[in-house]
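Spelled out, the chains give:
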Amino acid sequence: MDQPRVKVTIRCNQCGEKFILRGRKDKGKIDTGFKQCICSNADDFEIEELFG
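About the criteria used
- Residues numbered from 1 in each chain as written.
- Predicted model: local features only at pLDDT ≥ 70, side-chain atom pairs only at ≥ 80, totals over all residues.
- Heavy atoms only, no water.
- Salt bridge = Lys/Arg side-chain N within 4 Å of Asp/Glu carboxyl O.
- Helix = DSSP H or I, 4+ residues; strand = E, 2+ residues; numbered from the N terminus.
- Phe/Tyr/Trp six-rings, centres within 6.5 Å; stacked < 30°, edge-to-face > 60°.
- Buried < 20%, exposed > 50% of the residue type's maximum accessible area, 1.4 Å probe, protein only.
- 1 Å grid on protein atoms, 1.4 Å probe; cavity = no way out; pocket = protein on both sides within 12 Å on 5 of 7 lines; lining within 4 Å.
- Points joined across faces, edges and corners; volume = space filled by probe spheres on them.
- Nonpolar A, V, L, I, M, F, W, Y, C, P; charged D, E, K, R; others polar.

**Section: the pattern of salt bridges**
Per the stated rule, a full pass over the model turns up one salt bridge. The closest approach of N and O atoms between E49 and K25, which form a salt bridge, is 3.0 Å. Placement of the pair is E49 in strand 4 (residues 45–50) and K25 in strand 2 (residues 18–26), with a sequence separation of 24 residues.

**Details of the packing of aromatic side chains**
Taken as a whole and assessed by the stated rule, the structure comprises two aromatic pairs. Centroid distance F19 to F34: 5.0 Å. Interplanar angle 50°. Geometry classified as tilted. Of the two residues, F19 is situated in strand 2 and F34 in the loop between strand 3 (29–31) and strand 4; the sequence distance between them amounts to 15 residues. Exposure remark for F34: the relative accessible area of 23% places this residue in the partly exposed category.

**Let's talk about the layout of surface pockets**
Considering only enclosed or pocket space, the largest pocket measures out at about 180 Å³ in volume. As for the largest pocket, its lining consists of V8, I10, K29, I30, D31, T32, G33, F34, K35, F45 and I47. Secondary structure elements with two or more residues in the lining of the largest pocket: strand 1 (5–12), strand 3 and strand 4. Among the elements that line the lining of the largest pocket, the one with the most residues is strand 3, at three residues. Taken together, the residues of the lining of the largest pocket break down into six nonpolar, two polar and three charged.

Functional significance is not addressed by these values, which are geometric in nature.
Structure, rendered in structure tokens:
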């Protein structure tokens with residue numbers, strides 16, 4: 001079964017860079033394939049789902 005695609009904003013808490021991506025929601029978790037920021041931060045992010 002195909003999961004619905006959702007739009008998310010990912011903000012790096014180290015450098016402030018912002019990314020807007022699409023991902024798939026599965027069991028309450030959103031998978032976008034995003035690995036790390038351009039500043040090499042790999043785990044300190046604020047992720048927000050966009051509605052509308």
